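Spelled out, the chains give:
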Amino acid sequence: MTEQNPTGISAETLIRLSAAQLAEKLAAGEVTAVQATQAYLDRIAAVDGQVNAFLHVNAEEALAVAAEVDAIRAAGGAEAEALHYLAGVPIAVKDLIVTIGQPTTAGSKILEGWHSPYDATVVERLRAAKMPILGKTNLDEFAMGSSTEHSAYGPTRNPWDLDRIPGGSGGGSAAAVAAFEAPLALGTDTGGSIRQPGAVTGTVGVKPTYGSVSRYGAIAMASSLDQIGPVTRTVLDSALLHQVIGGHDPRDSTSLPEPLADLVAAAKTGNVEGLRIGIIKELHGEGYQAGVENRFNDALELLKEAGAEIVEVSCPNFQYALGAYYLIMPSEASSNLAKFDGVRYGLRVLPEDGPMTIERVMGATRAAGFGDEVKRRIILGTYALSAGYYDAYYGSAQKVRTLVQRDFEAAFAQADVLISPTAPTTAFPLGEKLDDPLAMYLNDVATIPANLAGVPGLSLPGGLADEDGLPVGIQLLAPAREDARLYRVGAVLESLLEAKWGGPLLAQAPALGAVSLETQEAK
Ligand code: GLN
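Residues numbered from 1 in each chain as written. Predicted model: local features only at pLDDT ≥ 70, side-chain atom pairs only at ≥ 80, totals over all residues. Heavy atoms only, no water.

## Some points on the site of the ligand
Phase 1: The ligand sits among 16 residues. The nearest are T190, G191, S193, Y325 and D444.
Phase 2: Interatomic distance of 2.9 Å between a backbone N/O atom of A143 and a nitrogen atom of the ligand.
Phase 3: With respect to the ligand, the backbone of G192 contributes an N or O atom lying 3.2 Å from an oxygen atom.
Phase 4: Burial of the ligand by the protein amounts to 100% of the accessible area it has alone, namely 300 Å².
Phase 5: The biggest single contributor to the shell around the ligand is helix 12 (residues 321–336), with three residues.
Phase 6: Residue composition of the shell around the ligand, grouped by class: six nonpolar, seven polar and three charged. (Near = heavy atom within 4 Å. Polar contact = N/O pair within 3.5 Å; in protein donor to acceptor, adjacent residues only side chain to side chain. Areas by Shrake-Rupley, 256 points an atom, 1.4 Å probe, with all protein chains shown as cover. Helix = DSSP H or I, 4+ residues; strand = E, 2+ residues; numbered from the N terminus. Nonpolar A, V, L, I, M, F, W, Y, C, P; charged D, E, K, R; others polar.)

Printed below as a string of structure tokens:
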């Protein structure tokens, strides 16, 4: 194979490259953006019938963008020079983020067939970088859930074991990346929906500092908690994608004014010497699966050997974080979701009999259009905000939120970065927690504090649990605006772990990772 031979790389190899590796090959002319995009579209066609990661595939437009990049590169000159590093690298987008030219459903029947008249800011930035958008990924309805089973369009399946959940709410984005159906994806994280799916699928997921990535065009679940972020296979890829989507946006009033730090440089720093890494006492041990705890301890050992100082910190108010979250989040959601009234967007259901008033149309539409989990949270939120209960529930939860923030401040006085398992267990079987909302909510016990405080969090694969051979996630947390530290520590830990495994964890995925495109097509 010569370096210039554009057909020398098989589709099989192409889809397993990281985004950074693919970008290098595109820039070197070893492959074209059309070849890469087509390879991913073929992979989607071959395996997504089993995974159900995508709600909509956008082949024509993705290929057109790829062809445009190839043409610019072939012509050379200033325009080719000015191409973004990730130009031509395809990406999938969680279907909570609005896009012109593709439907946006939020995983709900109430938005079936709805098309946004505008692009989210992050989507505009992907388009400016000329990254082909492969399609929209599945999620729990309006991002409410931890398993993607609350999607109105059927569950997504975990590529490691198709009978297990891929995490949620962003199970579609995580499964797409883990099943090599996309090199990159966008997710949203209100209480863990990027990090927890990352943990259970063996992928990397980042919730940026609140305000560092624009929320304009992300359908709001709980506005004071929501953040858009990267879903990738490597830490460096997350830094690259974060750099594309982040930075100030005047259309989001909570957007931070300052420019982003150089996150890519941080991911390439290559050392953690002298860095203080704090184990959060309350976020491991009791209630965490033994195999999760074992992989967590392995990670600590490696960081220690690499020269980091491991300290223990205590965040006593974290025990109340889950309870506070499940008052604040439904309260904000009950208000945000009031706009789905059968008049302005999507579905409209007329009452079968009786007077045709606007209230009755609204009632019939919401009864038919929303699923059980969404209704549960709207009722909970409306109750928590009602006169007479507001102080006892919503008001108390906001006070707990302040206490959680203070715990973080105290912890970050003792440590530069904090560490914990991302989720208490590995991926559980589909259906196991569907009828038990409290058991489902517990999956986010380790991820929710970061949303309450607005601090950034990164989850990376920590290995496989001894009991079930399924991926375990390691979570890193940093002070607000210090996302760069996550990339620095994350990239070092990733390289130490991969040296131990002899390659990326996903290479060991049994269900789909090992199945070749050729085999799938031959079936
Ligand atoms: N699983 C959590 C919930 O159900 C978090 C969801 C999210 O981050 N969007 O609310």
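## Quick look at the environment of M440
Phase 1: By the element assignment, M440 lies in helix 16 (residues 437–441).
Phase 2: Overall, M440 belongs to the buried group, its relative accessible area being 3%.
Phase 3: When the C-alpha atoms of M440 and G145 are compared, they prove to be 7.3 Å apart, with 295 residues separating the residues in sequence.
Phase 4: When sequence neighbours within four positions are dropped, the list of residues in contact with M440 reads S146, S147, E149, H150, F428, K433 and L434. (Buried < 20%, exposed > 50% of the residue type's maximum accessible area, 1.4 Å probe, protein only. Contact = heavy atoms within 4.5 Å.)

## Quick word on helix 11 (residues 290–305)
Phase 1: Here helix 11 contains 16 residues, and its C-alpha end-to-end distance of 23 Å stays within 8% of the 22 Å for a straight helix at 1.5 Å per residue.
Phase 2: Within helix 11 the residues assigned to the buried category are G291, V292, E293, R295, F296, A299, L300, L302 and L303.
Phase 3: Buried residues along helix 11 sit in contact with strand 7 (276–280), strand 8 (309–313), strand 9 (417–421), strand 10 (457–464), strand 11 (471–477) and helix 18 (483–501).
Phase 4: Residue G307 follows helix 11 closely and has a positive phi angle near 105°. (Expected span 1.5 Å × (residues − 1).)

## A word on the pattern of salt bridges
Phase 1: Counted by the stated rule, this structure contains 23 salt bridges.
Phase 2: We note a salt bridge from E112 to K109, for which the minimum N-O separation is 3.8 Å.
Phase 3: Accessibility expressed as a relative area gives 47% for E112, which makes it partly exposed.
Phase 4: Judged by relative accessible area, which is 34%, K109 ranks as partly exposed.
Phase 5: With a shortest N-O distance of 3.7 Å, D298 and K500 are connected by a salt bridge. One end of the pair, D298, is in helix 11; the other, K500, is in helix 18, and 202 residues separate them in sequence. (Salt bridge = Lys/Arg side-chain N within 4 Å of Asp/Glu carboxyl O.)

## Description of the pairing of strand 3 (residues 133–137)
A regular strand places its side chains so that they alternate between the two faces of the sheet.
Phase 1: By the criterion of burial, strand 3 is predominantly enclosed, with five of the five residues buried.
Phase 2: By the bridge criterion, three bridges tie strand 1 (residues 54–57) to strand 3 in an arrangement that is antiparallel. Each bridged residue has a counterpart across the sheet, and for F54 the counterpart in strand 3 is T137.
Phase 3: Pairing geometry for strand 2 (residues 91–94) and strand 3, over four bridges, is parallel. Pairing of K94 across the sheet is with T137, part of strand 3.
Phase 4: Regarding the hand of the β-α-β motif, the stretch spanning strand 2, helix 6 (residues 121–128) and strand 3 is right-handed. (Pairing = 2+ DSSP bridges. Right-handed = clockwise from strand over helix to strand, strands pointing away.)

## Structural notes on the nonpolar core
Phase 1: L126, F142 and L186 are the most contacted members of the largest nonpolar core, which has 152 residues in total.
Phase 2: In terms of residue count, the dominant contributor to this core is helix 3 (residues 33–51) (nine residues). (Core = buried A, V, L, I, M, F, W, Y, C linked by side-chain atoms within 4.5 Å.)

## A short note on the packing of aromatic side chains
Phase 1: Applying the stated rule across the entire model yields 13 aromatic pairs.
Phase 2: The rings of W114, F142, F340, Y345 and F370 are connected pair by pair, giving a single aromatic cluster.
Phase 3: Here the guanidinium or amino end of R16 rests over the ring plane of F180, the centre of that ring lying 4.7 Å away.
Phase 4: The aromatic ring of F428 is capped on one face by K433, whose charged end is 4.2 Å from the ring centroid. (Phe/Tyr/Trp six-rings, centres within 6.5 Å; stacked < 30°, edge-to-face > 60°. Lys NZ or Arg CZ within 6 Å of the ring centre and 35° of its normal.)

## Looking at the packing of helix 11 against helix 18
Phase 1: Helix 18 packs onto helix 11 with a crossing angle of 105° between their chain directions and a minimal axis gap of 10 Å. Between helix 11 and helix 18, the crossing angle belongs to the class labelled roughly perpendicular. Across the interface between the two elements, D298, A299, L302 and L303 from helix 11 touch V489, L493, L496, L497 and K500 from helix 18.
Phase 2: Of the residues that constitute the contact of helix 11 with helix 18, the class distribution is seven nonpolar, no polar and two charged. (Axes fitted to C-alpha atoms, helices over the stretch in contact; angles between N-to-C directions. Parallel < 35°, antiparallel > 145°, perpendicular 65-115°, else oblique.)

## Digging into the sheet that holds strand 3
Phase 1: In space, the 11 strands of this open sheet follow the order 1-3-2-4-6-5-10-11-9-7-8, with mixed pairing throughout. Across the chains shown, the open sheet's two edge strands, defined by having one partner strand only, are strand 1 and strand 8. Each neighbouring strand pair of the sheet contributes to a mean axis angle of 30°, computed without reference to strand direction.
Phase 2: Of the strand pairs in this sheet, strand 9 and strand 11 are connected by four bridges, and their pairing is antiparallel. The residue of strand 11 that forms the bridge with I419 is L476.

## As for helix 7 (residues 171–178)
Phase 1: The buried fraction of helix 7 amounts to eight of the eight residues, a majority that puts the element mostly inside the structure.
Phase 2: For helix 7, the complete set of buried residues consists of G171, G172, S173, A174, A175, A176, V177 and A178.
Phase 3: In the segment just after helix 7, F180 is the residue with positive phi, at about 60°.

## Some remarks on unusual backbone geometry
Phase 1: For the bond running from G168 to S169, omega is 5°, close enough to zero to count as cis.
Phase 2: For S169, the position within the fold is in the loop between strand 3 and helix 7.
Phase 3: Despite not being glycine, N52 shows a phi value in the positive range, around 60°.
Phase 4: Topologically, N52 is positioned in the loop between helix 3 and strand 1.

## Thoughts on the confidence of the model for the protein
Phase 1: Looking at the protein as a whole, its pLDDT mean stands at 95, while 97% of the residues score no less than 70.
Phase 2: Counting interchain partners and residues more than four positions distant, the pLDDT-below-50 stretch residues 516–523 has 14 contacts. (pLDDT = per-residue confidence, 0-100.)

## Details of the side chain of D444
Phase 1: Within the secondary structure, D444 sits in the loop between helix 16 and helix 17 (448–453).
Phase 2: Buried charge D444 goes without a salt bridge, the closest partner of opposite sign being R377 at 6.5 Å. (Lys, Arg positive; Asp, Glu negative; His and termini not counted.)

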